[in-house]
Amino acid sequence: MGSGFGMIPVGGSYLVQSVPAELNMDHTVVLQLAEKKGYVTVSEIKDSLKWEKERASHVLDHLLKEGLAWLDSQAAGEAQYWLPALFSELTSRDITPEEANQMSP
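Bear in mind the structure is a predicted one, so any value in this text is a computation, not a measurement.

Chemist: How would you sum up the overall build of the protein chain? Please name residues and give values.
Modeler: If you tally the helices and strands in the protein chain, you get five helices and five strands. Each helix and strand of the protein chain, ordered N terminal to C terminal, gives the series β-β-α-β-α-α-β-β-α-α. Look at the contacts in the protein chain between residues 6 or more apart in sequence, and 41% of them connect residues 24 or more apart. In the structure as shown, the protein chain presents an accessible area of about 6,600 Å², 52% of it carried by carbon and sulfur atoms.

Quick look at the structure:
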């Protein structure tokens, strides 16, 4: 793909990495967790991956710093970390009304 570009496998699809950044397995696992809804919370990471809060926060802070995540600090409940690279995946598949309700604030 040329210098500076890379492909990151996430679940059943790939993300094109166009900025130089180091992504380790922790980052990739969080991206996979966010794939279904397009966002993830610290609690979801802790519950699904059995991580400590510090580990989840460290990964999310890195994704924010690299511009791979957006923080919605006004979300109901707790902050949501949105992964814009997953937006096209969300809009290109059929979702149930229940899934749509879960995504709405």
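So that's the structure; there's more coming.
Chemist: So, the pattern of salt bridges: which residues are in play, and what are the values?
Modeler: Should the charged atoms of two oppositely charged side chains come close, the side chains can pair. Under the definition given, this model contains three salt bridges. Among the ionic pairs, D26 bridges to R55, the shortest N-O distance being 2.7 Å. With D26 in helix α1 (residues 25–34) and R55 in helix α3 (residues 53–65), this residue pair connects regions lying 29 residues apart in the sequence. The salt bridge involving K65 is made with E66; its shortest N-O contact spans 3.9 Å.

Chemist: Describe the environment of E54, with residues and values.
Modeler: Mapping E54 onto the fold places it in helix α3. Of the residues examined, E54 reaches a relative accessible area of 57% and is grouped as exposed. For the pair E54 and V42, spaced twelve residues apart in sequence, the C-alpha separation works out to 9.3 Å.

Chemist: Give me α3: which residues, what numbers.
Modeler: The first and last C-alpha atoms of α3 sit 18 Å apart over 13 residues, in line with the 18 Å expected at 1.5 Å per residue. Taken as a whole, α3 has its buried residues at A56, V59, L60, H62 and L63. Looking straight down α3, one finds its buried side chains confined to an arc of 155°; they lie on one side. Residues of α3 that are exposed and angled more than 90 degrees away from the buried face: E54, H58 and K65. At its buried positions, α3 is contacted by α1, β3 (39–40), α2 (42–49) and β5 (80–82). Phi for G67, located one or two positions after α3, is positive at around 80°.

Chemist: I'd like a description of the sheet that holds β5, backed by residues and values.
Modeler: An order of β3-β5-β4 is seen for the three strands of this open sheet, with the pairing classed as antiparallel. Each having just a single partner strand, β3 and β4 (70–72) make up the two edges of the open sheet. Both β4 and β5 contribute to a ladder of three bridges, which runs antiparallel. The residue bridging L71 from the neighbouring strand is Y81, located in β5.

Chemist: Outline unusual backbone geometry, listing residues and values.
Modeler: The phi dihedral of K50 is positive, around 60°, even though this residue is not glycine. Mapping K50 onto the fold places it in the loop between α2 and α3. Given the relative accessible area of 70%, K50 is considered exposed.

Thresholds applied
Residues numbered from 1 in each chain as written. Predicted model: local features only at pLDDT ≥ 70, side-chain atom pairs only at ≥ 80, totals over all residues. Heavy atoms only, no water. Helix = DSSP H or I, 4+ residues; strand = E, 2+ residues; numbered from the N terminus. Contact = heavy atoms within 4.5 Å. Areas by Shrake-Rupley, 256 points an atom, 1.4 Å probe, with all protein chains shown as cover. Salt bridge = Lys/Arg side-chain N within 4 Å of Asp/Glu carboxyl O. Buried < 20%, exposed > 50% of the residue type's maximum accessible area, 1.4 Å probe, protein only. Expected span 1.5 Å × (residues − 1). Arc of directions from axis to C-beta. Pairing = 2+ DSSP bridges.

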